[in-house]
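Fold and geometry: a report
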Amino acid sequence: SGFEVTAIDEPEVARIKGDSRMAVVTKNAVAGLSRPLVQPETLKLDETSPLRLDGFRLTITPADSRAMVSLVSKLPGPHNENRPEMEDLVVDHLMRQWVREWQARTGDDTGSYPRAAFKRELLSGSDFGRVVDLMWPVMTPGRLVSGLLSGESALSASQEVLSDRERELLRREEHRGWTVHDAPLLDEAAVLLGTVPGARSRRKPERESDEWAAEEMVEDLASAASFRGSPDAPGMMDPLMRREVAQRMVDRMRDEEWEPPDRERETFGHVLVDEAQDLSPMQWRMIQRRCPSRSMTLLGDLAQAGGPLQPQTWHEVAGWAGSGPASEVELTINYRTPAQIMAVAERVLSATQPGVRPPRAVRETGFEPVFLAAQDAAEEAVRVAREEQSEVGDGTVAVIAPVGMARNIASAIGPSETISVLTADEAKGLEFDSVVVVEPARIAVTSSGGLRSLYVALTRPTQRLTVVHAEPLPPTLAAS
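From a predicted model like this one, the values you see are computed outputs, not experimental measurements. (Residues numbered from 1 in each chain as written. Predicted model: local features only at pLDDT ≥ 70, side-chain atom pairs only at ≥ 80, totals over all residues. Heavy atoms only, no water.)

A few words now on the overall build of the protein chain. The number of helices and strands found in the protein chain is 20 helices and 11 strands. Here the protein chain, with 480 residues, has 46% of them falling under the buried criterion. Considering only residue pairs separated by 6 or more positions, the protein chain has 77% of its internal contacts joining residues 24 or more positions apart. A total accessible area of about 24,700 Å² is found for the protein chain, and carbon and sulfur atoms account for 51% of it. (Helix = DSSP H or I, 4+ residues; strand = E, 2+ residues; numbered from the N terminus. Buried < 20%, exposed > 50% of the residue type's maximum accessible area, 1.4 Å probe, protein only. Contact = heavy atoms within 4.5 Å. Areas by Shrake-Rupley, 256 points an atom, 1.4 Å probe, with all protein chains shown as cover.)

Structure below.
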């Protein structure tokens, strides 16, 4: 299911969340969910339960639970989807106890109480679920990641994977909202956890019914065989074997091998990724799951990289994408940005990406970029934006300001269909006839991409550029 982004990560936190090591941390957190009991647990049966024997209690010891957790942990598949197997082992264990006691009291060793009925009786009581939860709790991606970022599980899951400082940076208030960089963690957790038992099956209803009946038959046969033998007989069919036998029975009965389509995570034969330079390794893992073929077209500009982990080469990006050998095609001509504006932007580019050659601008507009020093940069930006609005007529104007100033400038301008107020990160991928860049030095400090974000801001106009500042300009823009 989806989630709503209501918070923003600090750049250092975003970098940690985007690092591929977080896949290991998430895997460790899921593995840590299954744990043996630390003390014996007794199941209370209802006074009216037919299983109730006076003076007898069903008990699971730490040693018993350790063996069961170890067995289920070796099964393939996601954590939640193996919960029924843990329940089966607990049922088998408790039924052996009950049968031995019942046989001792009655002398009847015919095994007339079928396993399926015994299981239904246990499942109807709340105590059974409580005990199984202690060993193999059902977990949702949201609860897991929330605990990973705020609870004690963060310490054990990230130990020897992240540094002490990184673990401290990740810790946050428990009820804080989700951020965009939480999405890969939630996706990773969803894969490792799987669906919650009891959720609506995606299998054909008639097959689901047949498999249920077949499993019950297999279980009853296994338990009946146990009853007729020694009281110490295991009475337990391996859970994976039980499932496979039941499925084989259904396939033979229905003469079909039907696999349901996975509607929850649709996959594609080829994926086109725009702004590819901004994606983190963890975000690339999300894309890889949806493109098993690894056939991709990646579009982007390394000079505009503003993501948490800023790549230096396309070879590095291709490695994160897992796309294998890749061919690189470079755009050499810039049709959008006028030469006069590009000359200013290139000064920033040479400082942040010395090895990157910018595309050659082929357009000229006759308007030279304007630099305005002001006592109050926000107030001056509002004035200039309104003047530019009259200059471009039906065209568009944008004010690109630091995070802390954008909201105040937007309030001063008021509702407008032609003037947009954005941060440098919000402006990426957009273009406007005229752009007013406010406090470029502060944009370089407060934006996710640093000087690269400033480069993005300077290359948004298609006609006119005005730079307004009260603070000193960055060295790359200061008059030479």
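The interhelical angle for the contact between helix H15 (residues 339-352) and helix H20 (residues 451-458), taken along N-to-C directions, is 170°, at an axis separation of 9 Å. Compared by their axis directions, H15 and H20 come out roughly antiparallel. Counted together, Ile341, Met342, Val344, Ala345, Val348, Leu349, Ala351 and Thr352 of H15 and Leu451, Arg452, Leu454, Tyr455 and Leu458 of H20 form the full contact between these two elements. (Axes fitted to C-alpha atoms, helices over the stretch in contact; angles between N-to-C directions. Parallel < 35°, antiparallel > 145°, perpendicular 65-115°, else oblique.)

Turning next to the sheet that holds strand E8 (residues 397-400). The strands making up a sheet associate through backbone hydrogen bonding, with each pair oriented either parallel or antiparallel. Ordered in space as E7-E11-E10-E8-E9, the five strands form an open sheet in which the pairing is parallel. In this open sheet, the two strands that pair with only one neighbour each are strand E7 (370-373) and strand E9 (419-422). When the angles between neighbouring strand axes are averaged without regard to direction, this sheet yields 20°. Taken together, the six bridges between strand E10 (residues 432-438) and strand E11 (residues 461-469) define a ladder with parallel strand orientation. From the neighbouring strand, valine 435 faces E11, where its bridge partner is leucine 465. In the packing of helix H17 (residues 403-413) onto the sheet, the strands contacted are E8, E9 and E10, and the crossing angle to E9 comes to about 160°. (Pairing = 2+ DSSP bridges.)

Taken together, the buried positions of helix H1 (residues 11-18) are occupied by Val13, Ala14, Ile16, Lys17 and Gly18. Tucked into the core, H1 has its buried residues touching helix H2 (21-31), helix H7 (141-150), helix H9 (164-170), helix H10 (183-193) and helix H13 (281-290).

On to H17. Listed in full, the buried residues belonging to H17 are Met405, Ala406, Ile409 and Ile413. For H17, the arc enclosing every buried residue in end-on projection is 110°, short of the 170-degree limit, so these residues lie on one face. Residues Gly404, Arg407, Asn408 and Ser411 are exposed on H17 and point more than 90 degrees away from its buried face. Among the residues trailing H17, glycine 414 stands out with phi positive, at a value near 80°. (Arc of directions from axis to C-beta.)

Turning next to the nonpolar core. One finds Ile60, Met86, Val90 and Leu122 to be the most contacted residues of the largest nonpolar core, which totals 26 residues. For this core, the element with the most residues is helix H4 (residues 83-106), which contributes nine residues. Setting aside chain neighbours within four positions, we find methionine 86 in contact with Met68, Val69, Val72, Val132, Met135 and Trp136. Residues Ile341, Met342, Ala345 and Leu477 belong to the second largest nonpolar core, which totals 24 residues. (Core = buried A, V, L, I, M, F, W, Y, C linked by side-chain atoms within 4.5 Å.)

Let's shift gears to the pairing of E9. Where E8 and E9 come together, four bridges link them in parallel fashion. Among the inter-strand pairings, isoleucine 400 is bridged to a residue of E9, identified as leucine 422.

Before going further, it helps to examine unusual backbone geometry. The phi dihedral of glutamate 160 is positive, around 65°, even though this residue is not glycine. Looking at where glutamate 160 falls in the secondary structure, it is placed in the loop between helix H8 (153-158) and H9. If you check the backbone angles, glutamate 439 has positive phi at about 50° while not being a glycine. Locating glutamate 439 in the fold gives a position in the loop between E10 and helix H19 (440-446). Overall, the relative accessible area of 2% leaves glutamate 439 in the buried class.

So, about a nonpolar patch on the surface. Side chains of Phe3, Val5 and Val180 sit close together on the surface and give an oily, nonpolar patch of about 240 Å² of accessible area. A residue is classified by how much of its surface remains accessible, and valine 5, at 45% relative accessible area, is partly exposed. (Patch = residues over 30% accessible without salt bridge, like charges linked within 9 Å, V, L, I, M, F, W, Y side chains within 5 Å. Salt bridge = Lys/Arg side-chain N within 4 Å of Asp/Glu carboxyl O.)

Pairing is possible between side chains that carry opposite charge, provided their charged atoms lie close to one another. Scanning all chains against the criterion turns up 23 salt bridges. Residue glutamate 101 pairs with arginine 105 through a salt bridge whose shortest N-O separation is 2.7 Å. Taken as a pair, glutamate 101 and arginine 105 lie in helix H4 at a separation of four residues, close to a single helical turn. Taking relative accessible area as the criterion, glutamate 101 reaches 22% and is therefore assigned partly exposed. With its nearest N and O atoms 2.7 Å apart, the salt bridge here joins glutamate 388 to arginine 464. Remark: arginine 464 occurs in strand E11 and glutamate 388 occurs in helix H16 (residues 377-392); sequence separation between them is 76 residues. Taking the relative accessible area as the measure of exposure, glutamate 388 reaches 7% and is therefore buried. Overall, arginine 464 belongs to the buried group, its relative accessible area being 17%. Beyond isolated ion pairs, a larger network of salt bridges with shared partners links Asp187, Glu188, Arg285, Arg289 and Arg290.

Moving on, we come to the environment of valine 384. Here valine 384 lies in helix H16. By relative accessible area, valine 384 is classed as buried at 3%. Along the chain, valine 384 and leucine 372 lie 12 residues apart, while their C-alpha atoms are 9.7 Å from each other. Once you skip the residues sitting within four places of it in the chain, valine 384 turns out to touch Leu372, Val436, Thr466 and Val468.

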